[in-house]
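Secondary and tertiary structure notes
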Amino acid sequence: MDSFFKKKVKCTKDGNNEVFRNGYYEWEIKNWDKIENEFYVFSPKFNICGYSWELKLYPKGKGDEGKNHLSLYLYNNDVDKDLYPHIYTNVILYIRNFNDYTNCETINSSKYFNHNENSLNHTKFINKSILFTKNEKFSKPLVENNKTIIGVYIRVYKYTREEHFINELKSLLSNDNRSNKSEEIIGEKNFEWEIEDWNIHKNESLLESPVFKVQNYNWKLNLYPNGMDDKNFVSLFLNNIDVENDNSLHICAKCVLYIRNINKYSFFHGEPIKFFTYFNKNFDKIGFSQFIKKYNLYAEFEKSSKALVEDDKVIIGAYICIYNYDNQERYTNELNKLLVLNNEDFHIRNNSNYEWKIDNWDSLQHEEFSPEFKAIDYNWKIKLIKDDKDENGKEYVSIYLNNEDVINDNIHICTKFILTIRNCEDYSCFNTRNFLQFPCFYDKNHNTFGAKNLIETKYLTEKNKNSKSLVENGKTIINAYIHGYNYEREQYIYNLKYILKEKYKDTDCEKAYYFEWEIKNWEFISNYIESPEFLACNYIWKIELNLLEYEKEASYSAFLKNVDVEDKCDKDINVNFVLSLRNIHDYSIFEAKAFNYIFNKNNNKCGLTKFIEKKDLYKKSKTSDTTLIENDIFIIGGLIYISESK
C-alpha cells in the first residue's frame, strides 16, 4: 500500500481517544460480473485488532433505500458470542481500483460494536453509476477488467472513560435526529445505583433504587433478583412515580437499562428501549422480565477475566431521554400505540382524527352532542354526558362515539377508536382509557360505543405535574381518534362471533363452526329452497328458506334444521347459532340474527318465520349503494356452537 493510501486511511481524527490497535483488510474481487446480480455476498472472515470480522456486500443495493447503490456492511463476529464485549472503533470502508490506490472512494464512521449492534451499515455506500467510468475524481474506474478491491481500515480505541460509556448508551438509542422536533430531547440523565453485599440481596424478591429526577420528573428502578416470572433471570424495570396518581400527565421517553462492573465501564450488559415509551396513569413502568440470566452475572469474559458482579458489588443503571411532547405528532403517536391490535387479520384501511373544542364547560347541558363530522368515510357524532352519576352518587364525564349511517341500514363498520379529553394548549395533558381491547362493530342495532365514567368530574380542573389541567378557563377539547379496518371475510366471521357471544355468554366462539351456502339464480327459484346437507360439530344440518306472502308484504323465513335428530339421535342438543344473509362480494352488507335452541327428535329446526322482508333484499345501502342480492346471487351462512348435549 503506497504512502498516498496510507495517508488517506489514517487521517482520521482521534480527539482525546487513546488508540489501542489498528489494522486493515482488503477483499480482492476478480469476478465482478459473477457477483453483481447476487442479492448479497460475504467476504472471507478476517482478523483485525484481535477480533473476527467480515464484510457483506449487496451488489444491487439493499431494499428501496439502497436502490442504484452498492450497500456495504461490516460485521463483528465476536460480540454475538458474548453479552459483554464493547468495542469502540473508527472505521473506514472503501472501494478502489484493483491496481491503483489513488482511485479510491471511502466512508468514515465511528461505531460502538456490542451484542445489540454487531454491524456497521452503509446502505448507500456508493452510487453504482460511478463504478465503471472515469471522471474528474477518478482517472481509472473503480471496477476495471472485471476486478475491484473492497476494503476496511479499523482503529480500536481504549475504552476506559465514563465519556465512552455514556456515548455508547446514547448510540444504542439512535438519538441523532434532534433537528426534528418530534425527536427533540428536553432532558437526559444517566443514573447509577451501586448495590453492595450482592450475596445478601440476591435472594430478595424486590429491590428499589433511591428516587431520582430527570427533567423534574421522579423515577426509580425496580430490580427483581429472582425474576418476576422465571427464577433463572434477573428482572429490571424503570418506573415513573409521578404518573401513578396523575389523571392527565403523559411523558415521552426512551431509555437504556444496564448492569455493569463496578470498576470497568466497558464491561456491562445493556438493553435499549428504542421506541418511544409513553408513561401515563395506566402505564407507569417499562423494562425486561428476562433482563439477564443469573449465571451471566458471574461469567467472566475471556478477553478481560471480569464478571459483572465483582467483590460482591454491582452497578444497576438507566440512561433516560425525555422528549418534547409539545406537538400533535407525539400525541397522535401515543394514541396509535394505544389502538394497536395484536391480530394479523385486521388491517387498517384508514384513520381519522376529530377534535371538538368546547369554550364554556360550565354552560354545557347534562347531555351534549358534537357537530356531525366525517371520519373513515362515515358520519359520526360525539356524545358527551357531563355529570354521569354512578351508584354511589359520584359524578363522572362519559363520552361516546355515535355512528349516524348504520341506523336503518345493513352496513357494518369495523373500527377501533380512542376518546380523550385534553387541555386546549398542551397535547401532553389528556385523559383517556383504552376500553376497546378488541375492535367494535357498528350496525343498526349497535350505533354507539364509548367510555362510561371516563373520569371523575372533580379531576377536570386538577393541576398535574406540569401545572396544567384538562379544563382551563372553561375550555377543553374532546377528541376522537378512529381506525377503520378492512371489512373482509375475517372481519365478517369475527362479527358473527361477536353477535353470538353478546347474546349467549356461554358460547366458546373458537369452537364454533362456520358455514356458507351460495344461492345463484335467485329470481328463478321457487318459494321454497333448502341447502345441501353439511357436517358441523359432528351433526348433519340443512338450511331452509321459504317465501311467505301476506296481504301487502312478503318476507322470507330462515331455519336451521338438524337432520340427525329425526331418527338417529335420542338426546337433546343445546345449540347457539347465527344465521346470516350477505352480499356475495361485500362482507360488510349482511343481515344476521342469533338463536339458542334445544334440538331433539321432536324439535328438529329453529329460525324465524320473518327473517327478512323481501323488499329489503333489494334495498340499497345508503353508504355503499349495494344490495344484499347482487346479480341474482347472495350467500346465507353463519356459525354453529353446541353448548351441551343431554
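This write-up is about the structure you can find in this document. Worth saying up front: this structure is predicted, and the values here are computed from it rather than measured.

Comments concerning the packing of aromatic side chains
As enumerated under the stated definition, the model contains 44 aromatic pairs in all. For the ring pair Tyr278 and Tyr325, a centre distance of 6.0 Å and an interplane angle of 70° mean the geometry is edge-to-face. In this pair, Tyr278 is assigned in strand 16 (residues 268-279) and Tyr325 in the loop between strand 18 (314-323) and helix 5 (328-338), connecting sequence segments 47 residues apart. An aromatic cluster is built from Phe39, Tyr40, Phe42, Tyr58, Tyr73 and Tyr75, whose rings are joined through pairwise contacts. Above the face of the Phe237 ring, Lys285 is positioned so that its terminal group lies 5.5 Å from the ring centre. Here Arg582 stacks its cationic end above the ring of Tyr492, 5.5 Å away from the centre of that ring.

Examining the side chain of Lys220
Its place among the elements puts Lys220 in strand 13 (residues 217-224). Classification of Lys220 as buried rests on a relative accessible area of 16%. Separated by 3.3 Å, the side chains of Lys220 and Glu208 make a polar contact. If sequence neighbours within four positions are ignored, Lys220 has contacts with Glu208, Ser209, Pro210, Phe212, Phe237, Leu238, Asn239 and Ile241.

Considerations on helix 3 (residues 162-173)
Counted at 1.5 Å a residue, the expected span for helix 3 with its 12 residues is 16 Å, and the 17 Å between its end C-alpha atoms agrees. Within the sequence span of helix 3, burial applies to His164, Phe165, Ile166, Glu168, Leu169, Leu172 and Leu173. Once helix 3 finishes, Ser174 follows within two positions and takes phi at roughly 55°, a positive value.

Some thoughts on the sheet that holds strand 6 (residues 87-96)
As summarised here, the arrangement of the four strands in space is 1-9-6-7, forming an open sheet in which the pairing is antiparallel. The sheet terminates laterally at strand 1 (19-29) and strand 7 (104-113), the two strands that pair on one side only. Neighbouring strand axes in the sheet, compared pairwise and without regard to direction, differ in orientation by 15° on average. Across eight bridges, strand 6 lies against strand 9 (residues 148-157) in antiparallel orientation. Looking across to strand 9, one finds that Asn90 is bridged to Arg155. Against the sheet, helix 3 contacts strand 6 and strand 7, and its axis sits at roughly 105° relative to strand 7.

About the thresholds
Residues numbered from 1 in each chain as written. Predicted model: local features only at pLDDT ≥ 70, side-chain atom pairs only at ≥ 80, totals over all residues. Heavy atoms only, no water. Phe/Tyr/Trp six-rings, centres within 6.5 Å; stacked < 30°, edge-to-face > 60°. Helix = DSSP H or I, 4+ residues; strand = E, 2+ residues; numbered from the N terminus. Lys NZ or Arg CZ within 6 Å of the ring centre and 35° of its normal. Buried < 20%, exposed > 50% of the residue type's maximum accessible area, 1.4 Å probe, protein only. Polar contact = N/O pair within 3.5 Å; in protein donor to acceptor, adjacent residues only side chain to side chain. Contact = heavy atoms within 4.5 Å. Expected span 1.5 Å × (residues − 1). Pairing = 2+ DSSP bridges. Axes fitted to C-alpha atoms, helices over the stretch in contact; angles between N-to-C directions.

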